[in-house]
Amino acid sequence: TLGGETQTLVYVNQPYINLGDAGKLRDQIDSILAPGFPNLPEVKVSKLTGGLPLSLDINEGIHSAQADATIMTMFVLLIVMSFLFRSPRLAFFTMVAVGAVVLWQPLLMRGGNVNVNVFTAMVSTIVFGIGVDDSIHIVDRIREEKETPGGIVKTVQRTGQTIFETTATTCAGLAAGLLVDIPGLRNFFLLMMILITLALFTSSILLPAMLVGWNSFVYRVTGRGEYQDFERDIVVAESHSLDAVLE
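Every value quoted in this text rests on a predicted model; they were computed, and no experiment measured them. (Residues numbered from 1 in each chain as written. Predicted model: local features only at pLDDT ≥ 70, side-chain atom pairs only at ≥ 80, totals over all residues. Heavy atoms only, no water.)

Undergrad: Is there a simple way to think about the overall build of the protein chain in this case?
TA: What the protein chain contains, in helices and strands, is seven helices and two strands. Within the protein chain, the proportion of its 247 residues that are buried is 34%. Long-range pairs, those at least 24 residues apart, make up 68% of the contacts in the protein chain between residues at least 6 apart in sequence. For the protein chain, the computed accessible surface area is about 15800 Å², with 63% contributed by carbon and sulfur atoms. (Helix = DSSP H or I, 4+ residues; strand = E, 2+ residues; numbered from the N terminus. Buried < 20%, exposed > 50% of the residue type's maximum accessible area, 1.4 Å probe, protein only. Contact = heavy atoms within 4.5 Å. Areas by Shrake-Rupley, 256 points an atom, 1.4 Å probe, with all protein chains shown as cover.)

Undergrad: What is the right way to look at the confidence of the model for the protein chain in this model?
TA: Interpretation of the predicted coordinates at a detailed level should be avoided for regions scoring low in pLDDT. Overall, the prediction assigns the protein chain a mean pLDDT of 75, with 68% of residues at 70 or greater. For residues 229-237, every residue scores under 50 in pLDDT, and the model assigns this stretch 27 contacts once sequence neighbours within four places are set aside. (pLDDT = per-residue confidence, 0-100.)

Undergrad: Would you take a moment to explain the nonpolar core for this structure?
TA: As a rule of thumb, soluble globular proteins bury nonpolar side chains together. M81, F85, V98, L207 and L211 are the most contacted members of the largest nonpolar core, which totals 22 residues. The set of elements that each furnish at least two residues to this core consists of α2 (51-85), α3 (88-111), α5 (123-145), α6 (149-174) and α7 (183-221). The greatest single-element share of this core, amounting to seven residues, is contributed by α3. Other than its neighbours up to four places away in sequence, F85 contacts L90, A91, T94, I136, V139, D140 and R143. Core analysis: the next-biggest nonpolar cluster, separate from the first, contains 15 residues, V101, F188, M193 and L195 among them. (Core = buried A, V, L, I, M, F, W, Y, C linked by side-chain atoms within 4.5 Å.)

Undergrad: What am I meant to see in α5 here?
TA: Structural remark: α-helix, 3.6 residues per turn; residues separated by three or four positions point the same way. Taking 1.5 Å as the rise per residue, α5 with 23 residues should run 33 Å; its terminal C-alpha atoms sit 33 Å apart, in good agreement. Just past α5, the residue K146 takes up positive phi, approximately 75°. (Expected span 1.5 Å × (residues − 1).)

Undergrad: What's the story with the packing of aromatic side chains in this structure? I'm lost.
TA: When we look at a pair of aromatic rings, we describe it by the centre distance and by the angle of the planes. According to the stated counting rule, one finds three aromatic pairs in the structure shown. Here the aromatic rings of F92 and F93 are separated by 5.9 Å at their centres, their planes lie at 55°, and the arrangement is tilted. (Phe/Tyr/Trp six-rings, centres within 6.5 Å; stacked < 30°, edge-to-face > 60°.)

Undergrad: Would you mind going over the environment of T73 with me for this structure?
TA: Take T73: it is sitting in helix α2. Using a relative accessible area of 32% as the deciding quantity, one classes T73 as partly exposed. Separated by 52 residues in the primary sequence, T73 and T125 place their C-alpha atoms 8.8 Å from one another.

Undergrad: When you look at the side chain of S203 in this model, what are you seeing that I'm missing?
TA: Mapped onto the elements of the fold, S203 is located in helix α7. At 2.9 Å, the side chain of S203 forms a polar contact with the backbone oxygen of A199. (Polar contact = N/O pair within 3.5 Å; in protein donor to acceptor, adjacent residues only side chain to side chain.)

Undergrad: Can you walk me through the pattern of salt bridges in this structure?
TA: Side-chain pairs of opposite charge can arise whenever the charged atoms involved come near each other. All told, the structure shown has three salt bridges when counted by the stated rule. D140 serves as the salt-bridge partner of R143, at 3.6 Å between the closest nitrogen and oxygen. Of this pair, R143 and D140 both sit in helix α5, three residues apart, which is roughly one turn of that helix. Looking at R143, the relative accessible area reads 32%, which means it is partly exposed. Here D140 falls in the partly exposed class, since its relative accessible area comes to 30%. Across the pair R141 and E145 runs a salt bridge, and its minimum N-O distance is 3.2 Å. With R141 and E145 both in helix α5 and four residues apart, the pair spans about one turn of that helix. One salt-bridge network, held together by shared partners, links R141, E145 and R158. (Salt bridge = Lys/Arg side-chain N within 4 Å of Asp/Glu carboxyl O.)

Undergrad: Help me understand the packing of α5 against α6 in this model?
TA: What describes two packed helices is the angle between their axes and the distance between those same axes. Between α5 and α6, the least distance of the axes is 9 Å, while the angle of their chain directions is 145°. Between α5 and α6 the crossing geometry is right-handed. Residues D134, H137, I138, R141, I142 and E145 of α5 lie in contact with α6, whose contacting residues are G151, I152, K154, T155, R158, T159, G160 and I163. (Axes fitted to C-alpha atoms, helices over the stretch in contact; angles between N-to-C directions. Left-handed = near helix turned anticlockwise from the far one by under 90°.)

Undergrad: Please explain unusual backbone geometry as it appears in this structure.
TA: Peptide bonds are, in most cases, trans, and in most cases residues other than glycine have a negative phi. Its identity is not glycine, yet R86 carries a phi of approximately 55°, on the positive side. Relative to the assigned elements, R86 resides in the loop between α2 and α3. Residue R86 is classed as exposed on the basis of its relative accessible area of 72%.

Dropping the structure here:
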């Protein structure tokens, strides 16, 4: 015992700060507590515990598991969409478009100094759903219109406009969350709005561009002419032409 007491509690009050900075403060506090009391060998000192260390440990587990969960989700979706589209090629291009959005999440979080927490950890899952949904609409419409230049143009004009409208209304609804007084939730809503907008661009611009680029490459390699890129559904452009004479 020390002064008649058997236990002593050191209480640390810390306001909401970025968890990266909070982790450094916890390590500093633990380093201060680590030596204990050399003159009192019977006194044992534990590391800092409570809500803050618990939140840091939870977020560390979420951060380490998020990458594995993301890769597994992309792999499962690739297999499912290969059966859905009956084309591994279309499934691959779709996942590239979705993956481009997901890869932006850590970049945005690092650039905006946003920590990984329970809220932001859900963003990748939600964006997966929205990004895949947008890309599926585009690919299905391309399959209906046929994978021709004209069909791709019509898909971007019509289905792309629908996706833009749904993206705009979703972002407008999420904008109300920017008024909450919880920094973690504000980061969540802002990150969602940015990534949903990027999902619009990747599904309506990047995905059709990849399909056009792939078909152009295939037609040039196989010697079937050039892949047209405008309104008429003409795929092959021959180097020679025939003149029609009307009498």
